[in-house]
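# An overview of the molecular structure
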Amino acid sequence: SIAGVVGDVQGTQSLIEKCRSSVNITSSVNGEGCMGGVVSHMSSGYTVFIRDCLFDGSFDAPNAWGNGGIMGYKNGTATIENCLFAPTALSLGAYSSFCIVRQGAGTTTISNCYYTQLLGTVQGIQATTVQLTNGRTAFYLQNGRTDLVWGQLIGTDPLPILTNDESKRVYRSATGYTNDPTQAIPDQSLQPFVYTRNANNELTITGFDPGFTPPANYTLVIPDDIDGDPVVYIANDAFKNKTNFTS
C-alpha cells in the first residue's frame, strides 16, 4: 500500500484536509495495489474526512489493480469533499479501481470532487482541459465559501491550487471566469446556467455556464428559482436540446 500523504488511517475520527500531493508513485506490484493519491488504506471501525485535497503527481504501477485516485481502499466511513484528482501521468490497473476511492465495507460519501483522467470506475465529475484552465473548476471547488481555499491565476496556473492568496480567487464573470473582482457579476452562485436579471429580480435563463459540458447521462432540470430569485423565462430553447446543449 502506497499513498502520497497518508499510508494507513487509524483512529475513531480522522481529518485530512488541504493537502497537495505532487509525488511520483511507482510500484512493481503485480496484483492488488490499494494505492491512493492522498491516502492508501483505512481499516473497518474508523471514520475519515478528506477535504480540499489535490493529487497532481503520477502513478507508474501498470500491473497493480484495485486503487483509488484520492484513497486506495477503505472500510469504515469515509467522507470526501472538494477534492481534485489530476495526475500528470497515469499507469495503473483499471480492474477494481476508482477515480476517487475504492470502496470496501461501510459508508462512502463523495461530494463536489473532480477528476481529469479516468481511473477504472467513474466517481465525481470530469473536468476537461478547458474547465481546468479557465477557472471553472477552481470556482466550483471553492464551493461558495468566504475563506479562500481553492484559487487559480487564470492564464498562468494550469490547474486549481490550494491557496489563501486573494489575487488568485476566481469569480464568475459575464463571459466566464476572472480573477478581477471588478469584473465579477453580482450573483456568484454555483448554478450551471447563465441568466439575466430584471429590475424585479426575475431571471431569464439564456444558456449554460461557459465551459460547462453536460456528461452523456446529464438530466436537464430547469430550476424554479436560483438562490431565491424566480426563473420566469427561457430565452434560448435550443440549449434544452440534449443533442445540442449550447448556450
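The coordinates are above.
We now turn to the structure provided with this report. (Residues numbered from 1 in each chain as written. Predicted model: local features only at pLDDT ≥ 70, side-chain atom pairs only at ≥ 80, totals over all residues. Heavy atoms only, no water.)

Moving on, we get to the overall build of the protein. Secondary structure assignment for the protein yields two helices and 26 strands. The burial tally for the protein puts 49% of its 247 residues in the buried class. A fraction of 67% describes how many contacts in the protein between residues 6 or more apart in sequence connect residues 24 or more apart. Surface summary for the protein: the accessible area is close to 11,400 Å², and the carbon and sulfur share equals 48%. (Helix = DSSP H or I, 4+ residues; strand = E, 2+ residues; numbered from the N terminus. Buried < 20%, exposed > 50% of the residue type's maximum accessible area, 1.4 Å probe, protein only. Contact = heavy atoms within 4.5 Å. Areas by Shrake-Rupley, 256 points an atom, 1.4 Å probe, with all protein chains shown as cover.)

Further remarks concern the pattern of salt bridges. Side-chain pairs of opposite charge can arise where the charged atoms are in close proximity. Tallied over the full model, the rule gives six salt bridges. The residue Arg-145 makes a salt bridge to Asp-52 at a minimum N-O spacing of 2.8 Å. With Arg-145 in the loop between helix 2 (136-142) and strand 19 (150-151) and Asp-52 in the loop between strand 7 (47-51) and strand 8 (54-55), the pair connects residues that are 93 residues apart, well separated along the chain. Of the charged contacts, one joins Glu-166 and Arg-169 as a salt bridge, the two residues approaching to 2.8 Å between their closest N and O atoms. Among the residues examined, Glu-166 registers a relative accessible area of 42% and is labelled partly exposed. (Salt bridge = Lys/Arg side-chain N within 4 Å of Asp/Glu carboxyl O.)

A few words on the sheet that holds strand 8. The five strands lie next to each other as 3-8-13-17-18, forming an open sheet whose pairing is parallel. Strands at the two margins of the open sheet, each flanked by one partner only, are strand 3 (20-21) and strand 18 (125-126). Strand direction decides the pairing type here: strand 17 (residues 114-115) and strand 18, joined by two bridges, are parallel. Among the inter-strand pairings, Tyr-115 is bridged to a residue of strand 18, identified as Gln-126. (Pairing = 2+ DSSP bridges.)

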